[in-house]
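In case you want the letters, here they are:
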Amino acid sequence: MLELLHQVPLFSWLPEEGAETLSNCFDLCVEELSAGETRATEGRIGCLLRGGADFRTDDGTRTLAPGDVFALERDKNPLPGVLAAGEDCIVAWFRGDLVLHVCYRACWFHARLIQEIDRKLNECK
């Protein structure tokens, strides 16, 4: 899983021991979707790791490229919607509510991912 995460800037800084820590902090899971499959966000935030997909909300559709973070508003609130795979793709999912606050252990990995998400959101301004 770490090799796959390292392919996108959001996770490129992550050391080997960090993958398990982030998995525990954010309930991080990686899912493969076949072209045409859809997934509701259900309070999760996603990062497209490979392939192509669209993120659909009530306000419209956004085409995603590998490395794009989706289902997160600029104020860091989870944004409900549906991920639609335009081609076979892989997505990392993590709980949206955990992006608002550093975990109770205040771990470095959690704080760093929040910084990287902030950086990605600021690029989109």
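Each remark here, short or long, concerns the structure printed above.
The model shown is predicted, which means the values in this text are computed figures rather than measured ones.

Further remarks concern the sheet that holds strand β7 (residues 82–85). Spatial ordering of the open sheet is given by β2-β7-β4-β5, a layout of four strands whose pairing is antiparallel. On the outer flanks of this sheet lie β2 (38–40) and β5 (60–64), each paired with one strand and no other. Direction aside, the axes of adjacent strands within the sheet are offset by 20 degrees on average. For strand β4 (residues 53–57) and β5, the ladder comprises five bridges, and the chain directions are antiparallel.

Right, let's get into the environment of R44. Structurally, the position occupied by R44 is in strand β3 (residues 44–50). Each C-alpha atom of the pair R44 and G81 lies 9.8 Å from the other, and the pair is 37 residues apart in sequence. At 3.0 Å, the side chain of R44 forms a polar contact with the backbone oxygen of A40.

Between β4 and the antiparallel strand that follows it, β5, lie two residues. When β4 meets β7, the two strands line up antiparallel, connected through four bridges. Each residue of the ladder has a partner; that of D54, found in β7, is A84.

By size, the foremost hydrophobic cluster in this structure holds 26 residues, and its most contacted members are F11, L14, L22, L49 and L113. Only α1 (2–5), α2 (16–26), β3, β8 (89–95) and α3 (108–123) provide two or more residues apiece to this core. Setting aside residues up to four positions removed in sequence, L49 forms contacts with L4, L5, V8, F11, V30, P66, I90, V91 and A92.

Let us now look at the side chain of R44. Buried and without a salt bridge, R44 has E42 as its closest oppositely charged side chain, separated by 4.6 Å. With near-sequence residues (within four places) excluded, R44 lies in contact with R39, A71, W93, F94 and G96.

So, on to the sheet that holds strand β6 (residues 69–70). Spatially, four strands are ordered β1-β8-β3-β6 in an open sheet, and the strand pairing comes out antiparallel. Of all strands in the sheet, those with a lone pairing partner are β1 (29–33) and β6, marking the two edges. Across two bridges, β3 lies against β6 in antiparallel orientation. What sits directly across from C47, in β6, is V69.

Before going further, it helps to examine unusual backbone geometry. Of note in this structure, E42 is not a glycine but carries a positive phi near 50 degrees. Here E42 lies in the loop between β2 and β3. With a relative accessible area of 68%, E42 lands in the exposed category. Although it is not a glycine, A71 adopts a positive phi angle of roughly 70 degrees. You can see A71 is positioned in the loop between β6 and β7. Judged by its relative accessible area of 2%, A71 falls in the buried class.

What counts, and where the lines are drawn
Residues numbered from 1 in each chain as written. Predicted model: local features only at pLDDT ≥ 70, side-chain atom pairs only at ≥ 80, totals over all residues. Heavy atoms only, no water. Pairing = 2+ DSSP bridges. Helix = DSSP H or I, 4+ residues; strand = E, 2+ residues; numbered from the N terminus. Axes fitted to C-alpha atoms, helices over the stretch in contact; angles between N-to-C directions. Polar contact = N/O pair within 3.5 Å; in protein donor to acceptor, adjacent residues only side chain to side chain. Core = buried A, V, L, I, M, F, W, Y, C linked by side-chain atoms within 4.5 Å. Buried < 20%, exposed > 50% of the residue type's maximum accessible area, 1.4 Å probe, protein only. Contact = heavy atoms within 4.5 Å. Lys, Arg positive; Asp, Glu negative; His and termini not counted. Salt bridge = Lys/Arg side-chain N within 4 Å of Asp/Glu carboxyl O.

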